[in-house]
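# Structural overview
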Amino acid sequence: MKRICLIGGNGFIGKNIYQALIADKNNQIFRFSSRENKFIDKVDQKNFDLLVFCAGIHPNADENDKDIFVKNKRILKNCIYLFKNSQNIIFFSSFKTCFDINKKKIEASNKYDFYKFDSSYGKTKIINEKIFLKFCKTHKKKYLILAPTHVIGPNDKKLTPNNKFFKNFLDKTFILFPNVNIPIIDVRNISYYLTNIVSKNSLPNKKIILNDKNLKLKNYLSLIKEKNFFFALAINTYLILIVSKILFLFKICMLSKSRLKYIEMDPIVKSNNYLKKYNIYQTIKDTKEFLSKI
C-alpha cells in the first residue's frame, strides 16, 4: 500500500488528482489543508511514500494584498514537517515562471524575470519552487516539478479563472481579443499523467511543462463558439483595456487586466511526449457541457 500525502486537494487540479489517485486501491491518500493547517483525512502515522504539493494562495488572495507573501510563507511553514517525512515529492508550479518572453519557444529551462512580469500568485509559486529545489537537494529527496499551462476542463463548480475566461467567451456574441497564442491543457490529463508517474514509483528529478495544445486565440474562440453565431475582432493588446472600459456596459466580451497579462506574451510551449487521455476537442466539448449546467 502506497501512502500519499496530498496538499491542496480542495483546488481544481487537486480535486482531480485526488479522484484519480483514490481510484487505485494500491494508494492510501491523506489530504492536508494548508489553510486549516490540519489533515482532512484521519492519519495513523505521518510518514509518506509520496507527497503531492499543489496548494496555493490563489484564487482567494487579492493581487493587491500586501500580506500575500506572509500568507505564502505560513503555508510553507505549516507543511515543512510533511516534506521532511516524505520519501518522494511532486511539486506543482506555474508555467508562467518557466520562460523568457524574448524566446518564442517556451521550455522549462528558459530564464524568466518573474519580478517584472508575473502576478503575485506566479511570484509565490517560483519562490516556493526555489525553496523546494534547495530542500530536495539538501535532504536528498527524489522530486518532480510539474508546470501546467492554461488548465481547463469539467469539475470546477467554483469556476477557477481559466474556466471563467472560457465561460466569458462562451456567453458573448461580440468579442474583442488580441491576436496571440494560448497553450491549453485538460485538468484530467494532468491527473492521468500524475497517476502513471506514481504507479512507476520513480521520479526523474526535473521540471516538466505540461501542455496539450498550442492554439491561436482566434482558433480557440472558434472551438468554444462552434455552431453559435458570434463576431470576433482582433485588436492591439495595448488598446484592449482602454476599449474595455468604454464598452463594459454593453456586455461585449473583453479581457480583464489579469487575463490579458496572462496571454499577451504570445506563448508557444514546447510539446511534451507525456501520457494523456483527452484531446483538445474533447476537452472543450466536455467543458462547454459542464459550464452550461452550472
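Just above, that's the structure.
Residues numbered from 1 in each chain as written. Predicted model: local features only at pLDDT ≥ 70, side-chain atom pairs only at ≥ 80, totals over all residues. Heavy atoms only, no water.

### Examining the overall build of the protein chain
Counted only if it meets this: Helix and strand assignments follow DSSP, with helices taken as H or I runs no shorter than four residues and strands as E runs no shorter than two, numbered in order from the N terminus. Burial classes follow relative accessibility: with a 1.4 Å probe on protein chains only, a residue under 20% of its type's maximum area counts as buried, one over 50% as exposed, and anything between as partly exposed. Whether two residues are in contact is decided by their heavy atoms: any pair within 4.5 Å suffices. Surface exposure here means Shrake-Rupley accessible area, sampled with a 1.4 Å probe, where a residue is shielded only by the protein chains that are shown.
The helix and strand inventory of the protein chain stands at ten helices and 14 strands. Taken over 294 residues, the protein chain has a buried fraction of 51%. At a minimum sequence separation of 6, the contacts of the protein chain that also span at least 24 residues come to 80%. For the protein chain, the accessible area works out to roughly 15,400 Å², and carbon and sulfur atoms hold 52% of it.

### Topic: the environment of F48
Looking at the element boundaries, F48 is found in strand β4 (residues 48-53). When its relative accessible area of 3% is taken as the criterion, F48 is described as buried. Here the alpha-carbon distance between F48 and L82, two residues 34 residues apart in the chain, equals 8.2 Å. Residue contacts for F48: discarding those within four places in its chain leaves R3, I4, C5, F30, F39, L82, N85, S86 and Q87.

### Some details on the pairing of strand β2 (residues 27-33)
Our working definition: At least two bridges found by DSSP between two strands is the condition for calling them paired. Throughout, right-handed denotes a crossover for which the path from the first strand over the helix to the second runs clockwise when the strands point away from the viewer.
Within β2, six of the seven residues are buried, which leaves the element mostly enclosed by the surrounding structure. In this sheet, β2 lies alongside strand β1 (residues 2-7) in parallel orientation, the contact comprising six bridges. Looking across to β2, one finds that I4 is bridged to I29. Handedness of the β-α-β unit built from β1, helix α1 (residues 12-22) and β2 comes out right-handed. Sheet analysis places β2 next to strand β3 (residues 38-39), joined by two bridges and oriented antiparallel. Opposite F32, over in β3, you have F39 as the bridge partner.

### Remarks on the packing of aromatic side chains
Our working definition: In summary, the pairing rule links any two rings of Phe, Tyr or Trp, Trp by its six-membered ring, whose centres are within 6.5 Å, and it sorts them by plane angle into stacked for under 30 degrees, edge-to-face for over 60 and tilted for everything else.
A full pass over the atoms with the stated rule returns twelve aromatic pairs. Judged by centre distance (4.8 Å) and plane angle (20 degrees), the rings of F91 and F132 are stacked. Of the two residues, F91 is situated in strand β5 (residues 86-92) and F132 in helix α4 (residues 120-138); the sequence distance between them amounts to 41 residues. Judged by relative accessible area, which is 3%, F132 ranks as buried. Note on Y193 and Y274: the rings are 5.3 Å apart at their centroids and 85 degrees apart in plane angle, and the pair reads as edge-to-face.

### Observations concerning the side chain of K225
Short version of the rule: Only four residue types enter the tally: Lys and Arg on the positive side, Asp and Glu on the negative side, with His and both chain ends excluded. Any carboxyl oxygen of Asp or Glu that lies within 4 Å of a side-chain nitrogen of Lys or Arg is treated as forming a salt bridge with it. For this analysis, a polar contact is any N or O atom pair within 3.5 Å, provided that within protein one partner can donate a hydrogen and the other can accept it, and provided that sequence-adjacent residues contribute only side-chain to side-chain pairs.
Counting through the fold element by element, K225 comes out in the loop between α7 (217-224) and β13 (231-234). The side chain of K225 sits in the buried core without any salt bridge; D171 is the nearest counter-charge, 6.9 Å away. A polar contact of 3.3 Å, which involves the side chain of K225, links it to the backbone oxygen of F169. Within the structure, the side chain of K225 is placed 2.4 Å from the backbone oxygen of K172, a separation counted as a polar contact.

### Observations concerning empty space enclosed by the protein
The condition that has to hold: Note on definitions: the grid is 1 Å and covers protein atoms alone; a cavity is a set of points where a 1.4 Å probe fits but cannot get out; a pocket is an open set with protein on both sides within 12 Å along at least five of seven lines; lining residues have an atom within 4 Å of a point. Grid points are joined across faces, edges and corners, and a volume is the space filled by probe spheres set on the points.
For the coordinates displayed, the defined rule picks out one cavity of 30 Å³ or more. Here the largest cavity defines a volume of roughly 30 Å³. Considering the residues around the largest cavity, the lining is formed by A55, G56, I57, N72, Y121, T124, K125 and N128. Looking at which element gives the most residues to the lining of the largest cavity, the answer is α4, with four residues.

### Description of the layout of surface pockets
Filter applied, for reference: Each residue gets one of three labels, nonpolar for Ala, Val, Leu, Ile, Met, Phe, Trp, Tyr, Cys and Pro, charged for Asp, Glu, Lys and Arg, and polar for the others, Gly among them.
Taken as a whole, the second largest pocket spans an internal volume of roughly 250 Å³. Lining the second largest pocket are 13 residues; nearest its centre among them are T97, N110, I126, E129 and K130. Grouping the amino acids of the lining of the second largest pocket by side-chain chemistry returns six nonpolar, three polar and four charged.

### Focus: the packing of helix α5 (residues 161-171) against helix α10 (residues 280-291)
Test applied: Note on method: axes are straight lines fitted to C-alpha atoms, helices fitted across the in-contact stretch only, with angles between N-to-C directions ranging 0 to 180 degrees. Angles below 35 degrees are treated as roughly parallel, those above 145 as roughly antiparallel, those between 65 and 115 as roughly perpendicular, and all remaining angles as oblique.
Viewed as axis vectors pointing N to C, α5 and α10 meet at an angle of 80 degrees, and their least axial separation amounts to 11 Å. It follows from the interaxial angle that α5 and α10 lie roughly perpendicular. Each of N163, F166, K167 and L170 in α5 lies in contact with α10, whose residues at this interface are I284, T287, K288 and L291. For the contact of α5 with α10, the residue count by class is four nonpolar, two polar and two charged.

### Brief notes about the packing of α7 against α10
The following threshold applies: Handedness of each helix crossing follows the sense of rotation of the near helix against the far helix: counterclockwise by less than a right angle gives left-handed, clockwise gives right-handed.
The geometry of α7 relative to α10 is characterised by a closest axis approach of 10 Å and an angle of 50 degrees between their N-to-C directions. Put simply, α7 runs oblique to α10. You can see that α7 and α10 cross each other, and the crossing is right-handed. Contacts between α7 and α10 involve Y220, L223 and I224 on the former and, on the latter, Y281, I284 and K288. Tallied by class, residues from the contact of α7 with α10 come to five nonpolar, no polar and one charged.

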